[in-house]
Amino acid sequence: MKRCLLFCAVFVLLVAGVVSGATPQENAARVTVTGFSVDPAVLMPGDAATVTVTVKNTADESVALRSARMFTEKNIVILDNPYQTFGSIGPGNEVSFTFTVQASTGDGIFYPPFVIDFRDAGSLRSPVTVKVESTEPRISIMERPDSFSGGKKATIKVKVSNPRSGEINGVTVVPRGDGIESTPTSVFIGALAPDGMAEVSFEITPSRETDLLLNVDYRNGNNQRSTSARLPITFSEDKKQAEIVVSGIEVTREGGVYRVSGDVTNAGLEVAKAVVITVGAPAVPVEPNRVYPVASLDPDDLSSFDVTFTAEDTDSVPLVIEYKDEDGNAYRSTVQISIGSSGTVAPEEGESFPVWAIALILLAVVAVGGVIVYSWKKAKQNSE
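Residues numbered from 1 in each chain as written. Predicted model: local features only at pLDDT ≥ 70, side-chain atom pairs only at ≥ 80, totals over all residues. Heavy atoms only, no water.

Visitor: What is the right way to look at the sheet that holds strand β26 (residues 316–324) in this model?
Guide: The strands making up a sheet are joined through hydrogen bonds of the backbone, oriented either antiparallel or parallel. Spatially, four strands are ordered β24-β22-β26-β27 in an open sheet, and the strand pairing comes out antiparallel. Edge strands, defined here as strands with exactly one partner in the open sheet, are β24 (292–297) and β27 (330–338). Direction aside, the axes of adjacent strands within the sheet are offset by 20 degrees on average. (Pairing = 2+ DSSP bridges. Helix = DSSP H or I, 4+ residues; strand = E, 2+ residues; numbered from the N terminus. Axes fitted to C-alpha atoms, helices over the stretch in contact; angles between N-to-C directions.)

Visitor: Help me out: how do you make sense of the pairing of β27 in this one?
Guide: Residues in a regular strand project their side chains so that they alternate between the two faces of the sheet. Across nine bridges, the pairing between β26 and β27 is antiparallel. In the sheet register, Y323 faces β27, and the bridge partner there is Y331. Hairpin remark: β26 followed by β27, antiparallel, with five residues in the connecting loop; positive phi at G328, about 90 degrees.

Visitor: It is not clear to me how the pattern of salt bridges should be interpreted in this structure. Could you clarify?
Guide: A side chain with one charge can pair with a side chain of the opposite charge if their charged atoms come near. Per the counting criterion, the structure on display carries eight salt bridges. A salt bridge links E143 to K157, with the shortest nitrogen-to-oxygen separation between them at 3.7 Å. With E143 in strand β12 (residues 138–143) and K157 in strand β13 (residues 154–161), this pair connects stretches of sequence that are 14 residues apart. Judged by relative accessible area, which is 42%, E143 ranks as partly exposed. Salt-bridge contacts for D211 lead to R230; the nearest nitrogen and oxygen are separated by 3.4 Å. (Salt bridge = Lys/Arg side-chain N within 4 Å of Asp/Glu carboxyl O. Buried < 20%, exposed > 50% of the residue type's maximum accessible area, 1.4 Å probe, protein only.)

Visitor: Hey, could you run me through the sheet that holds strand β5 (residues 76–78) in this one?
Guide: Pairing within the open sheet is antiparallel, and its four strands lie in the order β1-β3-β7-β5. The sheet is open, and its two edges are formed by β1 (31–39) and β5, each paired on a single side. Sheet twist, expressed as the average angle between the axes of neighbouring strands with direction ignored, equals 35 degrees. Here β5 pairs with strand β7 (residues 94–103) via three bridges, running antiparallel. What sits directly across from I76, in β7, is A103.

Visitor: Hey, could you run me through the nonpolar core in this one?
Guide: In a soluble, globular protein the nonpolar side chains are often hidden away together inside. The biggest cluster of nonpolar side chains holds 29 residues, and the ones touching the most others in it are V55, M70, F97, F114 and V128. Looking at this core, the elements that each hand over two or more residues are β1, β3 (48–57), β4 (63–70), β5, β7, β9 (113–118) and β11 (130–132). At five residues, the largest contribution of residues to this core is made by β7. Once residues lying within four places of it in the same chain are set aside, the contact partners of F114 are V33, V53, V55, A68, R69, M70, F97, F99, L124, R125, S126 and V128. One finds L297, F309, L319 and I337 within the second-largest nonpolar core, a separate group that totals 25 residues. (Core = buried A, V, L, I, M, F, W, Y, C linked by side-chain atoms within 4.5 Å. Contact = heavy atoms within 4.5 Å.)

Visitor: Just checking my understanding: could you explain the confidence of the model for the chain for this structure?
Guide: Taken as a whole, the chain shows an average pLDDT of 85; of its residues, 83% reach a score of 70 or greater. With pLDDT under 50 throughout, residues 8–19 is counted as low confidence; its partners more than four residues away or in other chains account for zero contacts. Residue range residues 341–353 is modelled with pLDDT below 50. Its contacts to residues more than four positions away, or to other chains, number 13 contacts. (pLDDT = per-residue confidence, 0-100.)

Visitor: Looking at this model, I keep getting lost on the side chain of E73. Mind explaining?
Guide: Following the sequence through the fold, E73 ends up in the loop between β4 and β5. As a buried residue without a salt bridge, E73 has its nearest oppositely charged side chain in K74, at a separation of 4.5 Å. From its side chain, E73 meets the backbone nitrogen of Y111 in a polar contact 3.1 Å long. When residues no more than four places from it in sequence are discounted, the contact partners of E73 are F110, Y111, P112 and P113. (Lys, Arg positive; Asp, Glu negative; His and termini not counted. Polar contact = N/O pair within 3.5 Å; in protein donor to acceptor, adjacent residues only side chain to side chain.)

Visitor: Whenever I open this one, the packing of aromatic side chains confuses me. Can you help?
Guide: Aromatic rings in a pair are described by how distant their centres are and how their planes are angled relative to each other. In this structure the tally under the stated criterion is seven aromatic pairs. Considering the side-chain rings of Y258 and F309, the 5.5 Å spacing of their centres and the 15 degrees angle between planes classify their relative orientation as stacked. Pair noted here: Y258 is in strand β21 (residues 257–266) and F309 is in strand β25 (residues 302–310), with a separation of 51 residues, a long-range link. Each member of the pair, Y258 together with F309, is buried. The interplanar angle of 15 degrees and the centroid separation of 5.4 Å between the aromatic rings of Y323 and Y331 together place this pair among those described as stacked. The exposure class assigned to Y331 is buried, which follows from its relative accessible area of 17%. By way of ring pairs, the aromatic residues Y83, F86, F97, F99 and F114 are connected into one cluster. (Phe/Tyr/Trp six-rings, centres within 6.5 Å; stacked < 30°, edge-to-face > 60°.)

Visitor: Where do I start with the environment of A229 in this structure?
Guide: One can find A229 in strand β19 (residues 223–233). The sequence separation of A229 and V216 amounts to 13 residues, and the corresponding C-alpha distance is 8.5 Å. Once residues lying within four places of it in the same chain are set aside, the contact partners of A229 are I139, L212, L213 and L214.

Visitor: Got a minute to help me understand unusual backbone geometry in this structure?
Guide: With the exception of glycine, most residues fall at negative phi, and the peptide bonds are largely trans. For the bond running from D39 to P40, omega is 5 degrees, close enough to zero to count as cis. Position of P40 relative to the elements: it lies in the loop between β1 and β2 (42–43). Omega for the bond connecting A281 with P282 falls within 30 degrees of zero, at 10 degrees, which places this linkage in the cis form. Along the chain, the position of P282 falls in the loop between β22 (272–279) and β23 (284–285).

Visitor: I tried to follow the side chain of T54 on my own but got confused; where do I start?
Guide: Structurally, the position occupied by T54 is in strand β3. With sequence-adjacent residues up to four places away left out, T54 is seen in contact with T32, V33, T34, G35, E94, V95 and S96.

Visitor: I tried to follow the pairing of β22 on my own but got confused; where do I start?
Guide: Here four bridges tie β22 to β24, and the two strands are oriented antiparallel to one another. From the neighbouring strand, A272 faces β24, where its bridge partner is L297. Note that β22 and β26 share five bridges and pair antiparallel. Residue pairing across strands places T278 opposite V320, the latter belonging to β26.

See below:
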C-alpha cells in the first residue's frame, strides 16, 4: 500500500514537471504590454506628463525582471526611471509602471521606448506614443460697444475656444487693466474638451484710456498656463447715446421773474432717464419752477418744460439739461438762451406806459379826426 502511494506521488510530480516545463524564454515571451496612458493626453512644449505602461504576465509561472525603463527619444525627455531594479510578475498578474516625461521644443508625435529586461531571458521593447502641440486656447471678442466713455459701463462678450486635440482644465477668464473696473472680476469656465468653446460676459467701466487685457488661465494636466488678448480702450463719442435737443424757446418776464418755456426732444438712439431741466449761473432758479423734471424720454420722444429764474446784468443765461442712461451714468448739456433781444418780454407791473406809444396813439387820433372833418366838409359842399 505504501509503495502504491509513493508511486502515485512520484507520478503526479512528473506530470506537473511536464506541464510546467516551459523555458524562461517561453515564459518571458508571454509577458506583454496591454496598454499605456499619457496625462495630459497632448503636451505643450515644456509640459511635464506622466506615462503609465501596463504589463501582464499570461504565463503559468512567475517571470523575473531585472528592470523596467523608458528612454529619451528626440523631444521627449525622461525625467525619472524609478524601476532600475524589479522583482517578479506573478502568473496572470498585471503591473503598472509610471514615468515622468517632459516635452522640450517642437510639435509632433514621438515614440519614447519602454523596455523590460528579464533576468533569465532577453528583453521586451514597446514604443509609447506621446503627442506635442503648441496650439493655445483662442480668445475672441464677440461683442463690444461702438465707443467707450470715461466712467460709463460697457458690456464685453468673450468666447474662449479649445482648438487643441486634448482637453484643458481649470479655464478661468480674468479681465485686467489700469483704470478698469469689471463685474464680475473673473469667470470660471472649467474644462474645455477638444474643439469645445464657452462664452462669458463682463461689465467694464474704464476711468481712463488704457488697454484691457483678457487673460485666460488654464491647466494642461498639472501644467499651469496662461494666454491673453488685448483690447485697446479709447474714448470717443457714443453714436447711440441719448441726445437732448431744445426747441421752441419762449422767454417772458413777469414782476422781475423770467420764465423760459419750450420743448426737449431725444434725438439719440437710447433712452434718456431722469431728465431734469434748470438754469445755471448767473441766473438764479426761483419758485414755482426752480427745476423742471421731465422723467424719461425714449428716442424721438418730445416733452415741454417750464423754468422760472431771476437774472441781473446779463443778456443770456445757460439752460442746463441733466439726464442718465440705463446704467445710471450721468450726462449734462447746456444751451445758451437770450433773455434780452430774443423772446417776448412783457412789461413789468407798475411800469409807466411808454412815451413813444402815447405819441403814436395821439397821432393816430389826430389823423382819424382830420379824415372825419374832411369828409364832413366835403359832404356839406356837395349838398349845397
